[in-house]
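Here is how the chains run, residue by residue.
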Amino acid sequence: VSGLAVEPLLAATSPVSPPTAAAAPPAPNSPVAGSDNSSLQFLGNIVTLCGFRGLHVSSAGGRYSGNLFIRNSHVQVECSGEEAGPVFAGNTICDASSMGLLITDRAKGAFTHNQIFAHGVCNVKVTSRAAPILSNNIVHSSLAEGVVVADGAAPLLQHNTITENASSGVLVERLGAPVVDSNTIKGGKGNGLWVKAGSGKFTENQIHSNHGFGVKVSEGGGGEFEGNDIAKQGQAGVAVLGTGSAPVFSRNRVRANQGAGVAVSSKGGGCFHHNEIFANHGPGFLVESSGCPVVQSNKIYNGPGGGVLCRDGGRGTFTGNTVQGNRGAGVRVTAEADPLLEGNDIFESDGCGVLVAEGGKGVFQGNRIHENAEGGVRLGPASAPRFTQNTIRDEVSGVISLDNTAGGVFERNSISNGLISNLQIKGASVRLVFAENDIFEASGPGIVVAMGTPQFVGNNIHTNASAGIRIAGSDANPVFGKNLVTGHTECGLDVREGGRGLLAGNTFTANRVHVQVHGTGNPTLQGNALRKAERCAVLASDGATGVFSFNEIEGNVVGVEVTSGANPEFDSNNITAQSAEGVWIHHHGQGWFHHNTVHHNLKAGFKLEALAHPVLENNEIHDGEDAGVEVLAQAQGRLVGNVVRANRGPGVLVHSAGHPTVEGNEIVEARGYGVVVRDSGMGLFQRNRFRQNLPAGFCVEATGEPRVDDNTFTEGAPGGCAVLVWRLGRGLFTGNDFQSSGGVVRVASGGDPRFHANTLRAGLELEEGSAGLFQYNELCDGTVGLTVRGATAQPVLQFNTVHHMTACGVRVAARGRPTLRHNVLRDNKVGVEVYDGGNPIVKGNAVHHNVYGIHVHSHGEGEFQGNSLFANTTAAVLTTAQGNPKLRHNHIHRNLAAGVLAESGGQGTFEANVVSENQGPGIRIEGGGCPTVSKCFVHHNGTVGVLSTNGGLGNVSGCTLYQNQDCAVQLSAKGDTAFRANRILHERTAIRVTSGGQGRLEGNKITDISEAAVIVQGEADPTVVDNQICFCEDVGILVEGSGTMGTFTNNELFGLRGRAGIVVTRMAHPRVEANNISECVSAGSSASCGSGGGGAGSGTAGVLIEGTGRGLFVGNTVHRMPVGFLVVGPASPLVERNQVHSCCSGVVARRGEAGTFTANSVYCCKQAGIVSEERGKPLCVKNVVSDCHCGLLVPAQGGGTFRENIFFDNSQWAADIAEGTFAEIVENRFYSPTTDPPIPNSSSQVMGYGNRNDVRTEARILKDIPAHPQRVEKYRLEEQQFRKTKRTRQTLQQGLDSAFVEIAEEAANIISEVPSEKLCSGPIPEEALAVLESPAPEPVQAHPS
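Okay, so let's go over this structure. (Residues numbered from 1 in each chain as written. Predicted model: local features only at pLDDT ≥ 70, side-chain atom pairs only at ≥ 80, totals over all residues. Heavy atoms only, no water.)

Describing the pattern of salt bridges
Okay, step 1: One pass over the structure, following the stated rule, counts 52 salt bridges.
Okay, step 2: Among the ionic pairs, glutamate 625 bridges to arginine 648, the shortest N-O distance being 3.2 Å. Here glutamate 625 is found in the loop between strand 78 (620–622) and strand 79 (629–632), whereas its partner arginine 648 is found in the loop between strand 81 (643–645) and strand 82 (652–655), with 23 residues between them in sequence.
Okay, step 3: Judged by relative accessible area, which is 39%, glutamate 625 ranks as partly exposed.
Okay, step 4: When its relative accessible area of 54% is taken as the criterion, arginine 648 is described as exposed. (Salt bridge = Lys/Arg side-chain N within 4 Å of Asp/Glu carboxyl O. Helix = DSSP H or I, 4+ residues; strand = E, 2+ residues; numbered from the N terminus. Buried < 20%, exposed > 50% of the residue type's maximum accessible area, 1.4 Å probe, protein only.)

Below you can see the structure in the form of structure tokens.
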């Protein structure tokens, strides 16, 4: 039966006596010694395959070590009996079908370091009040329990490893009461430790990884559990089940279990204190089915399955616990559960802190609920808790009501720091009462009401980061009365998404926004006090409506803000003393504001912005520190019948594309403009009255573009103006009445308005950088009609009438550059004045009946084109003091004095103008005036075409001058103007240079002149170069008078019909060089020289020097004239190196001293080469005379000195000297191969051979003189070239009349570009109104009339 039975040893010779009363019982849990006080040693044995037991120790001790007990049938080792007390150490007990070790019947003993495993019923069973010590054993792989303690047994289990058993690791039942300390109980397929109607003390055990519960207490079980680590079970870490089960758990760690950390169910109870319950997959603490534990001072945290769950009628008292970091709710109360929670700390759940739902109740008092992920308290269906004096803080939301049947009472709680809100009410018909709570410091709203009609009375709602109260949803209709709402970073009240509600008698203070209504919110606020908001008292947005009446809105940053389509009604509110705007409406905001008083606000009384479109009617807007009304960012709105007065900023400010309609308002006494429109602001302003606004009644700037119609500007403040447009301001001003008392209209830098059909009596000022279009306006009855100044001032003025200005009609200065076209400037002192760099563009205007039409001076400039300047008193155009305008295609005519006057340093460029019919000179240049005149037509002027006098300078080129009364050009008194490439025709005299005049006359074409073409006299000294003078009726050039000089070079004179091409007389002393003079025949004479013979001939001379005339004549060519040079003494010219040929007579000297002729070439003359007659006394030295009829002819009474001259190849005589001459002929050479002798005998006698003349009949080759055949060929080529030139000249002469017609037509074309004298007379034409809606035309083709 037993492999080994060990009982007390009996000595054969000495039987053991029964113990005496004095004998001490054996020590419990120690081996029982034999009678000889020695112990049995059982070492290293193998006990196997026994039918019932391997070893049975009863009532004996002994030491058992190193043995192997294997596969014994029922019990491997049994220790029984009160006396049994063996020591088992290091044994292996395994692989039996029933139990490995059975300790029973009060047995004791010590069992250590054994391996006990693989048994069918259990590995170890201690029963029947046995009390052994089991330590450091490994108990594993049982097919049922690892250790069973039952029937009052009280073993000590210490430091054992109990693992991988098929059922519970340790089962305590039937009043078992072990001490289980520091064991490892793990890996079992059942519970780790099951106390079933037992008890015991369980300390410092590691209960891990069992498939069932870690600790299960049931059927009235109890025990003390302290310091255990209960982890990773397949179900709950601790389960307390059944009535009467009441263990005490303290300082245990219950963690990482698959079910609840602790589950109390089925009326179970117990006391749990100072435990750590964490990381469990079920609830950290579960109370259900009427369980009622006392749970105190535990830490329940980091549970994936939640913190505390009370359900199905669960109750219990939870005090002083820490419920932290659990998944789901920290505390969940459902299904009629009714616990008491007091003084707990519930926080960091990833759900809510407390969830009461599905009929859950409970009393929550003095708890700290905070930092949970989904809210502090959630109320679900049919909930009815009572929360008193709790601290709910740092939540997503402090209290959340989610169901339409949730309810509850919250009083005197502190609810704060909600991340989304402190209270969220999301159930329809939810009747919740919140009284006297302190609701504060949420990151979102303090209160959110989404449905129902909860009551909020006497709460202190403050310092929430978002709204204090949020009402959202069409079914939300709460009542708030006598609450204090203060200190919120977003708003005190937020009404949205159809939310309603009645708010009466509340005090809102120190919120960022007191009341915010949006998303179709529609509350009613009556009689509230809204003070000291950080942003605004009321904010309505996103389609919100609402009625606000009789509220006191005072001392906020903004009083009312309306945006995003909101359309509230504000009636009879007092909106005052805001630190910013009184009312701000923006982003499609609307609203009806009537009968409100808006005053003493630091910024705008009303600010309309971003497509706002309210109606402001019959309000009084006054005494603001900024604008009365500000409209910007595409806002519109209608302002009707308001009184806007005494604001320190603008009465109305429109900017950033604002576009209001402002009609019938009184805008008075503003200190920052009556109206300002800027930054793309627009708007319609009509029938308003402006008075006493500073600095202007109306200001447009920074791309502002209003339409201003039919307003009245009167009673301008001192130093102010009616309108100021600047800084890119624009706008259309039509039909306004700017009275003289209203101040000027000023356009400053960047201004670009359009003014149409206004009346301006105080003038228009356009300053630096201004622009604009001004048309059909009347500027009248002032000092200056229009002033333009500044480098970039570039306005356009057209179709205006400027008249009766005492200083000037238009004044342009400081580099201003306006464009004036098709205006009428009349009856002013000056029509247009330009100075200080002014540079206007003046086109197509009528400038008439002024003292001066245009005055440009002091570095003024300008472009004047296509204007008609007439009937001006002193000059049509005056340039002085470096004035430098550009005039092109103007018609300057019928002025009462000069057409153009350039004096005192005046300059200017005058191109292609028509200057005609002026009573004085067409152009007068004097006093250092220095204009540039080109391509102009100057004709029919009353005195001269161009007069340069008193130091006049400048340049006149490419002009056409004709039919002026006295002459085309006159230079006098040191006038020094240059005339180049002009056409001068049909004049009495082309050019007169007199009285010290100078000038340079170059490249001009002078033709068809009735008297002398060029007259130089009176000490004048011009330079006359490269001119063509032809087909004139008199002398080409006349130089006369003492001190008169001049340089005449490279001029061409032909076709003249006067007495000479050039006449020098009366002590004049010019220099005449390299001119070409030909084909001039005086009237009544013939170009024919007669039959040839001995006379000098008569008729027109190429050059005539007479009457004490002098001068230097060098290198000229005179040909095909009756006389080449005619000198009539007393005259003393020096004639040197000239060519005279093809004339009747080459040189003729008469009447006394007749000048000096040196090195001239005279040839091919039909009569004589040189003639001295009528007591002429020339000095002729080294001249060459050839191929003439007679080389030298000195008739009777002739004289002179002829020395070193050469006369050869003359056809009749080399020289013919008459009797009675007084000529001195010395050292000359006379050669003539055709006559013998070369001179008549009489002449030979006069000359005498003692005067060293060389007279020969044969040809003599002379150095530097071509032979006769070559000369003949030269003459032939000259004649051929001349005939070509003559044909051209004949064509020119024949075309003079047609050329003059072309000139007249060209001038007429210029005149056709200028306006008629009737420009803009009469009413404004109807078709001109189309200009209102179009940009300024460029270029202007014609005036609409």
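Describing the pairing of strand 106 (residues 830–834)
Okay, step 1: Counting buried positions over the five residues of strand 106 gives five, a clear majority of the element.
Okay, step 2: Bridge count between strand 103 (residues 808–813) and strand 106: four bridges; the pairing is parallel. Directly across from valine 812, in strand 106, lies its bridge partner valine 834.
Okay, step 3: In terms of strand pairing, strand 106 meets strand 109 (residues 852–857) through four bridges, oriented parallel. When the sheet's bridge partners are listed, valine 830 is paired in strand 109 with tyrosine 852. (Pairing = 2+ DSSP bridges.)

Some remarks on the side chain of serine 265
Okay, step 1: By the element assignment, serine 265 lies in strand 31 (residues 262–265).
Okay, step 2: Of the residues examined, serine 265 reaches a relative accessible area of 7% and is grouped as buried.
Okay, step 3: Within the structure, serine 265 has its side chain in polar contact with the side chain of serine 266 (distance 3.4 Å).
Okay, step 4: Apart from residues no more than four positions distant in its own chain, serine 265 is found in contact with Val240, Leu241, Gly242, Glu288 and Ser289. (Polar contact = N/O pair within 3.5 Å; in protein donor to acceptor, adjacent residues only side chain to side chain. Contact = heavy atoms within 4.5 Å.)

Let's talk about the environment of methionine 682
Okay, step 1: Note that methionine 682 resides in the loop between strand 85 (675–678) and strand 86 (684–686).
Okay, step 2: The spacing of methionine 682 and alanine 635 is 47 residues in sequence and 9.4 Å in space, taken between C-alpha atoms.
Okay, step 3: Excluding anything up to four places from it in sequence, methionine 682 contacts Val654, Ala657, Gly658, His659, Pro660, Val677, Glu705 and Pro706.

Focus: unusual backbone geometry
Okay, step 1: Cis peptide bonds are those with omega within 30 degrees of zero, and the linkage from leucine 694 to proline 695 qualifies with -10 degrees.
Okay, step 2: Residues glycine 1129 and proline 1130 are joined by a peptide bond in cis, for which omega reads 0 degrees.
Okay, step 3: Structurally, the position occupied by proline 1130 is in the loop between strand 142 (1123–1128) and strand 143 (1131–1136).
Okay, step 4: Backbone geometry places histidine 274, a non-glycine residue, at a positive phi of 60 degrees.
Okay, step 5: Here histidine 274 is to be found in the loop between strand 32 (271–273) and strand 33 (276–278).
Okay, step 6: Phi angles above zero are rare outside glycine, and aspartate 623 is one such case at about 55 degrees.
Okay, step 7: Inspection of the secondary structure puts aspartate 623 in the loop between strand 78 and strand 79.

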